[in-house]
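Structural features, examined
The lines below spell out each chain.
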Amino acid sequence: MKILLAEDDRVFQIMLRNTLCKWGYEVVVMGDGEAAWQQLNSRSGPRLAILDWVMPGADGLEVCRRVRSGGLPHYVYIILLTSKKDSTDLASGLEAGADDYLGKPVDLNELSLRIRAGCRVLESEERHRVITENASDGIVTMEHDNRIHYANSAAGMIFGYPAADLIGEEFSKLAPGFDRYLGGAGMRPAFSDVSEHLRFWPSMEIAGKHRGGRELILEISFSESRGSIHKSVLSAMIRDVTERRRLESRRAQAQKLESIGQLAAGMAHEINTPIQYIGDNLRFIAGSYASMQELVEAYRGVGAAWREGKRIEGLISQAETAARKTDYAYLQRETPCAIEQALEGVERVAEIVKAMNEFSHPGSIEMAPTDLNRVIEATALISRNKWKCVADLKTSLDLELPAVPCVAGELSQVFLNLIINAADAIGDAMKDGAPQKGTIWIASRRDGDFAEFRVRDSGTGIPPAVRPKIFDPFFTTKDVGQGSGQGLAISYAIVVQKHQGTIEFETTVGVGTTFIIRLPMRRPEEYEPIALDSCGATGHERHI
């Protein structure tokens, strides 16, 4: 252990130096405060310092202040030597940053014990430093002005800087607007409640910026603690999830395209039905037009002959024959109906195509206020061929539900997965002898600061043995080739990880299952900090 001894009394300096060397320490001796500060501020400077209070150049208190505010890459344990006895003086020394003090004349036994106590502190600090420096996640700490006070190597690698270059930088340069995500709490100089020692914010995704200019997607967990001298310290655990989110987005889009492929034949059938009656009605209208044209031409002939003064009796007879053949009264009654039905068919086709386009289009990857009732209706429509043979689908949607901040394309995938799963469960129940078609119910409502969506089926229910696994990737109870095991895993990632929501289920074997999705009505940057209990977050399943 290297120890800095700063003492201007030459005799006392030599005596202490010899004693420290005898105890096995490497000693660096300085005679004034300025030289002591320069030594401590060097890259390989001593980690433990014994400073005389009164010295030329800079006194011991000034050296303490420089060490504590200098942003040194390592912690320096400081023992202050003083002949002062007043409690106010001693308090000012500790306030300046000294860890311990020892009165003069020095008791060598007491000095030995205090140095060993300092070594224990430094050894503990070194262990924590090694753990922090070798952490795969970036770790930074900030004080009152949100400037970085400490950053580990992983944080430097995430943002493309040497870790030392991050010291003193504003964190908002690396994660612009990050303070919006702290619920407006900001940094506080002291805690208002002595029982409030530590606060946590939920893990959240924040846009970051790399030194090279590229955008990053960062998963950050913030915590705020009361540091020394009642200072508030904000810590951030940072994980670069840019590539993971890109891969998840591709996987979700691939699963969506797979779903579209599975629905394609059914969609063709759904479109074929209105196309057929559009064609039938248009053919009727075409025939009606031909008959009406024949009748009109007959009456036009009567009018032309009358204007020229010719005999019209024969032409009138021909017109009356054409009228009887045409059955004008029937055409007058049925043609408007045929036109209306054809237009309804066109609207139906347009609605199906629009729903398919909304579902298949990747859309924005940014959260935006979205009418999720409309998303549910469109998803139910395009999946109709998957459930219409086994179930009736009923909705109870809250028309007063406000727009929910979300990524619409991702939530449509979640609802599709749940609807198809519900239809499959009902199909399995029918195979097991259920006497008639089942029912799928979809409901939406607002519950405080959350929008809640329920997808309930009258299927087989989920057996107890598989309940803990249903959100696991690639887990499926379907036959080989019938399911990839990706649907619920992707749904969980979208709802919980991307949207800070919850997805739970209630199930009874032989009765059915209800999946419950809760999404926050506020954006992540509006979240308030929370205190975590010893049990952590709530679970994701509930059973009846």
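None of the values given here were measured: they were computed from a predicted structure. (Residues numbered from 1 in each chain as written. Predicted model: local features only at pLDDT ≥ 70, side-chain atom pairs only at ≥ 80, totals over all residues. Heavy atoms only, no water.)

Observations regarding the pattern of salt bridges
In total, this model carries 28 salt bridges according to the counting rule given. For arginine 66, the salt bridge identified is with glutamate 34, shortest N-O distance 2.9 Å. Of this pair, arginine 66 sits in helix H3 (residues 60-69) while glutamate 34 sits in helix H2 (residues 33-40), placing them 32 residues apart in sequence. Judged by its relative accessible area of 21%, arginine 66 is partly exposed. The salt bridge involving aspartate 392 is made with lysine 437; its shortest N-O contact spans 3.3 Å. (Salt bridge = Lys/Arg side-chain N within 4 Å of Asp/Glu carboxyl O. Helix = DSSP H or I, 4+ residues; strand = E, 2+ residues; numbered from the N terminus. Buried < 20%, exposed > 50% of the residue type's maximum accessible area, 1.4 Å probe, protein only.)

Regarding the packing of aromatic side chains
Applying the stated criterion to the full structure yields eight aromatic pairs. In this structure an aromatic cluster arises from ring pairing among Phe471, Tyr492, Phe505 and Phe515. Above the plane of the ring of phenylalanine 450 lies arginine 518, whose end atom (NZ or CZ) is 4.6 Å from the centre. (Phe/Tyr/Trp six-rings, centres within 6.5 Å; stacked < 30°, edge-to-face > 60°. Lys NZ or Arg CZ within 6 Å of the ring centre and 35° of its normal.)

Focus: the sheet that holds strand E16 (residues 450-457)
Strands in a sheet are paired, the pairing made by backbone hydrogen bonds, and the direction either parallel or antiparallel. Strand order across the open sheet formed by five strands is E13-E15-E16-E18-E17, with mixed pairing between neighbours. Looking at strand neighbours, the two that pair on one side only are strand E13 (391-396) and strand E17 (502-508), the edges of this open sheet. Going from strand to strand, the sheet's axes swing by 15° on average, the running direction of each strand aside. (Pairing = 2+ DSSP bridges. Axes fitted to C-alpha atoms, helices over the stretch in contact; angles between N-to-C directions.)

Notes on the pairing of strand E15 (residues 438-447)
In terms of strand pairing, E13 meets E15 through six bridges, oriented parallel. Within E15, the residue paired with lysine 394 across the bridge is tryptophan 441. Pairing between E15 and E16: eight bridges, direction antiparallel. By the bridge assignment for E16, arginine 446 is matched with alanine 451. Hairpin connection, E15 to E16: the antiparallel pair is bridged by two residues, and glycine 448 has positive phi, about 65°.

A closer look at helix H15 (residues 487-498)
The first and last C-alpha atoms of H15 sit 15 Å apart over 12 residues, in line with the 16 Å expected at 1.5 Å per residue. With nine of 12 residues buried, H15 lies mostly within the body of the structure. Taken together, the buried positions of H15 are occupied by Gly487, Leu488, Ala489, Ile490, Ser491, Ala493, Ile494, Val495 and Val496. Of the residues trailing H15, glutamine 500 is marked for its positive phi of about 55°. (Expected span 1.5 Å × (residues − 1).)

Remarks on a nonpolar patch on the surface
Nonpolar side chains collect at one region of the surface, where Met15, Trp23 and Leu108 lie side by side and expose about 220 Å² of accessible area between them. Mapped onto the elements of the fold, tryptophan 23 is located in the loop between helix H1 (10-22) and strand E2 (26-30). The class of tryptophan 23 is partly exposed, set by a relative accessible area of 31%. (Patch = residues over 30% accessible without salt bridge, like charges linked within 9 Å, V, L, I, M, F, W, Y side chains within 5 Å. Areas by Shrake-Rupley, 256 points an atom, 1.4 Å probe, with all protein chains shown as cover.)

Considering the pairing of E17
Counting buried positions along E17 gives five out of seven residues, so the element sits mostly inside the fold. As paired elements, E17 and strand E18 (residues 512-520) share seven bridges and run antiparallel to each other. Note on E18: the bridge partner recorded for glutamate 504 is isoleucine 516. With antiparallel pairing between neighbouring strands as the criterion, E17 and E18 make up a hairpin whose turn holds three residues, including glycine 510 at a positive phi of roughly 85°.

Looking at the sheet that holds E2
The strand order E2-E1-E3-E4-E5 describes an open sheet built from five strands, whose pairing is parallel. In this open sheet, the two edge strands, each paired with only one partner strand, are E2 and strand E5 (100-103). Within this sheet the neighbouring strands show an average axis-to-axis angle of 20°, counted without direction. In this sheet, E5 lies alongside strand E4 (residues 77-82) in parallel orientation, the contact comprising four bridges. Pairing of leucine 81 across the sheet is with leucine 102, part of E5. Along the sheet, H3 makes contact with strand E3 (48-52) and E4, crossing E4 at roughly 170°. (Contact = heavy atoms within 4.5 Å.)

Some words on the packing of H2 against H3
Packing of H2 against H3 brings their axes to within 9 Å, and their N-to-C directions diverge by 20°. It follows from the interaxial angle that H2 and H3 lie roughly parallel. The two elements H2 and H3 meet at a crossing, and its hand is right-handed. Taking contact as the criterion, the partners of Gly33, Glu34, Trp37 and Leu40 in H2 are, on H3, Val63, Arg66 and Val67. Here the residues of the contact of H2 with H3 are counted per class, giving four nonpolar, one polar and two charged. (Parallel < 35°, antiparallel > 145°, perpendicular 65-115°, else oblique. Left-handed = near helix turned anticlockwise from the far one by under 90°. Nonpolar A, V, L, I, M, F, W, Y, C, P; charged D, E, K, R; others polar.)

So, the side chain of glutamate 7
Tracing the backbone through its elements, the reader meets glutamate 7 in the loop between strand E1 (2-6) and H1. There is a polar contact of 2.9 Å between the side chain of glutamate 7 and the backbone nitrogen of aspartate 9. Among the polar contacts listed, one links the side chain of glutamate 7 to the side chain of lysine 104, at a separation of 3.2 Å. Dropping the residues within four chain positions of it, glutamate 7 is found in contact with Phe12, Gln13, Met30, Gly31, Asp52, Met55, Leu81 and Lys104. (Polar contact = N/O pair within 3.5 Å; in protein donor to acceptor, adjacent residues only side chain to side chain.)

A short note on unusual backbone geometry
Here the bond from lysine 104 into proline 105 is cis, since omega is -5°, no more than 30 degrees from zero. The topology assignment puts proline 105 in the loop between E5 and helix H5 (108-133).

Looking at the nonpolar core
Grouped together as the largest cluster of nonpolar side chains are 40 residues, with contacts concentrated most on Leu372, Phe415, Ile440, Phe453, Phe515, Ile517 and Leu519. With eight residues, helix H14 (residues 408-431) is the largest single contributor of residues to this core. In contact with leucine 372, not counting residues within four places along its chain, are Val404, Cys406, Leu411, Phe415, Phe453 and Leu519. (Core = buried A, V, L, I, M, F, W, Y, C linked by side-chain atoms within 4.5 Å.)

Describing the side chain of threonine 242
Along the chain, threonine 242 falls in helix H9 (residues 242-308). Apart from residues lying up to four places away in sequence, threonine 242 is in contact with Glu215, Leu216 and Ile217.

Brief notes about the environment of alanine 493
By secondary structure assignment, the location of alanine 493 is in helix H15. Sequence spacing of alanine 493 and glutamate 248 is 245 residues, and the spatial spacing of their C-alpha atoms is 8.7 Å.

Some details on the environment of leucine 81
In this structure, leucine 81 sits in strand E4. Residue class for leucine 81 comes out buried when judged on its relative accessible area of 0%. Along the primary structure leucine 81 and aspartate 100 are separated by 19 residues, whereas in three dimensions their C-alpha atoms are 8.9 Å apart.

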